[in-house]
Amino acid sequence: MRVRSALLLASVVLAIGGLSSACSESGGNQTAQAPAIPQVPVAQVVVRELAPSTEFNGSLSAPQSVELRPRVSGTIVSVHVPEGALVRKGQLLFRIDPRPFEVALDQAQAQLRQAQATAALAESNFTRSEQLVSTGAISRKVYDDAVAQRNVARAQVEAGNAAVAAARLDLSFTQVTAPISGRVDRVLVTAGNVVGAGANAAPLTTIKSVSPLHVLFDIDEATYLNFIEQARRGGSTARLPVQIGLLTEQGYPHSATLDFLGNGIDRTAGTIRARAVVANPDGDLAPGLFARVKLTLDAPQQTILIEDQAVGSDQGKNYVLVVGQGNKAEYRPIELGPVVDGLRVVKVGLKPDDSIIVKGLVRPGMQIASRKVSMVQDEASGAGDSNAPAAEAAPAEAGQ
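As the structure is a prediction and not an experimental result, all values here were calculated from the model.

(A) Quick look at the environment of Leu204. Residue position: Leu204 is located in the loop between β10 (194–195) and β11 (205–208). The buried category is assigned to Leu204, whose relative accessible area is 1%. Put simply, Leu204 and Val79 are 125 residues apart on the chain and 10.0 Å apart in space, counted from C-alpha to C-alpha. Setting aside its immediate chain neighbours within four residues, Leu204 contacts Leu68, Pro70, Ile76, Phe94, Val176, Arg186, Val187, Leu188, Val189 and Val195.

(B) Representation of the pattern of salt bridges in the model. Tallying each qualifying case throughout the model produces eleven salt bridges. The residue Arg154 makes a salt bridge to Glu123 at a minimum N-O spacing of 2.8 Å. Of this pair, Arg154 sits in helix α3 (residues 140–172) while Glu123 sits in helix α2 (residues 99–133), and the two are 31 residues apart along the sequence. For Glu123, a relative accessible area of 26% gives the class partly exposed. Asp259 serves as the salt-bridge partner of Arg275, at 3.3 Å between the closest nitrogen and oxygen. Taken together, the residues span a long stretch of sequence, with Arg275 in strand β15 (residues 271–278) and Asp259 in strand β14 (residues 254–261) at a distance of 16 residues. Judged by its relative accessible area of 23%, Arg275 is partly exposed. Via salt bridges that share partners, Glu330, Arg332 and Asp354 belong to a single interconnected network.

(C) Quick look at the packing of aromatic side chains. Counted under the stated rule, the structure contains three aromatic pairs. For the pair Phe126 and Tyr143, a centre-to-centre distance of 6.0 Å together with 35 degrees between the ring planes defines the contact as tilted. Of this pair, Phe126 sits in helix α2 while Tyr143 is found in helix α3, placing the two residues 17 residues apart along the sequence. Tyr143 matches Phe126 in its accessibility class, with the two residues each being buried. Here Tyr319 and Tyr331 contribute two aromatic rings whose centre-to-centre distance is 4.8 Å and whose plane-to-plane angle is 35 degrees, an arrangement assigned as tilted. Here Tyr331 lies in strand β20 (residues 329–333) and Tyr319 lies in strand β19 (residues 317–323), a separation of twelve residues in the sequence. Assigned by exposure class, Tyr319 and Tyr331 land together as buried. Across the ring face of Phe126, the terminal group of Arg150 is positioned such that the distance to the ring centre comes to 4.0 Å.

(D) The sheet that holds β10, seen in detail. The four strands lie next to each other as β8-β7-β5-β10, forming an open sheet whose pairing is antiparallel. Here the strands that pair on one side only, and so sit at the sheet edges, are β8 (175–177) and β10.

(E) Main features of the packing of α2 against α3. Running from amino to carboxyl end, α2 crosses α3 at an angle of 160 degrees, the nearest separation of the two axes being 7 Å. Between α2 and α3, the angle falls in the class roughly antiparallel. The handedness of the crossing between α2 and α3 comes out as left-handed. Partitioning the contact of α2 with α3 into residue classes produces 19 nonpolar, nine polar and eight charged.

(F) Quick look at α2. Helix length check: α2 (35 residues) gives 51 Å between terminal C-alpha atoms against 51 Å at 1.5 Å per residue, within 8%. Here the buried face of α2 lies against α3.

(G) Region of the structure containing α3. The terminal C-alpha atoms of α3 lie 49 Å apart, and with 33 residues this matches the ideal 48 Å at 1.5 Å per residue to within 8%. Taken together, the buried positions of α3 are Tyr143, Ala146, Val147, Arg150, Ala153, Val157, Gly160, Val164, Ala167 and Leu171. Buried residues along α3 sit against α2 and β8.

(H) Region of interest: the sheet that holds β15. The antiparallel closed barrel is built from six strands, whose spatial order is β3-β12-β15-β14-β13-β16. Taken over all neighbouring pairs, the strand axes of this sheet differ in orientation by 40 degrees on average, direction set aside. One ladder, built from five bridges, connects β14 with β15; its direction is antiparallel. When the bridges of β15 are listed, Ala256 appears paired with Val278.

Basis of the calculations
- Residues numbered from 1 in each chain as written.
- Predicted model: local features only at pLDDT ≥ 70, side-chain atom pairs only at ≥ 80, totals over all residues.
- Heavy atoms only, no water.
- Helix = DSSP H or I, 4+ residues; strand = E, 2+ residues; numbered from the N terminus.
- Buried < 20%, exposed > 50% of the residue type's maximum accessible area, 1.4 Å probe, protein only.
- Contact = heavy atoms within 4.5 Å.
- Salt bridge = Lys/Arg side-chain N within 4 Å of Asp/Glu carboxyl O.
- Phe/Tyr/Trp six-rings, centres within 6.5 Å; stacked < 30°, edge-to-face > 60°.
- Lys NZ or Arg CZ within 6 Å of the ring centre and 35° of its normal.
- Pairing = 2+ DSSP bridges.
- Axes fitted to C-alpha atoms, helices over the stretch in contact; angles between N-to-C directions.
- Parallel < 35°, antiparallel > 145°, perpendicular 65-115°, else oblique.
- Left-handed = near helix turned anticlockwise from the far one by under 90°.
- Nonpolar A, V, L, I, M, F, W, Y, C, P; charged D, E, K, R; others polar.
- Expected span 1.5 Å × (residues − 1).

See the structure below:
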């Protein structure tokens, strides 16, 4: 009986020892498999003095545009249009057959000389009658007739001068010149064609001015109200600086000046028409081109910039992960602005001394190991162990 009890006690002791050993081994494995703290690239935000601005889409427009039409009828005898090139004001473009107008001018000059001769005779008769009427040699009626003939002759001379001027003007219209300086389009009517005169005549070509050019764009209501506020503070919106960039250009290489604001808001779009003037001395810019417009709204102020890849999105709201207390990832909602030199402006949400996680599969509240990098990185720098941006933090834990 004692032997059987001893055997049973030994079995229990062995079982307990085996269980303790198993538990010890299991705990050791769990300790060995504990996840390591992720190492992620962290960069301090960039702080610069930038003038607050906003961007719009617009188009270039010619301040002057002319459809060139003949002012006299006739046959086009020569064309001198440098199609697609720049022309200066007064440059000869077309010639209409001048011979009928030269004949008309000669006729008008002959009629003028006839009227001048008649006027000279009438002046002589008047002078003679004036001397004789004082002595009573002629009647008062004869004198009055001489005065009337003199006045009629003078009027005929004036009419002759006007006819000569009109004929000379019509003759000058046979040389069709550029009324403005600008870029001329293709020829619409070639030599040998008979053209009419006036506003209903077929155009010969078109000319659009190119220096300067207008930039037309629509400003939203909020921006317009900012303008009004500046005016109340004693500023002026009439000459605000504007930068222009074309479709294929980087940044805004062209400087312009705001010179016009419309007189009312379009309620269907909630915008007001604005216009800027951009210099174009070489004529490289063309009317009708799409333009990106950057409008400076105020004086330069401290601005925070970050890389776009560090920005995440959660239900339509933008955020970044900031290195918080205890090296833990902290969720921070932000409001974004425009891109400046490859970095994104942060209007609200960050402070100048904040450091953000640039890349990495990190969730808010996770412990991290920071690896300092520059906010502006090249492709070869290998900013993190993972190509995934910090924007991939799980939205479900964003509020932690």
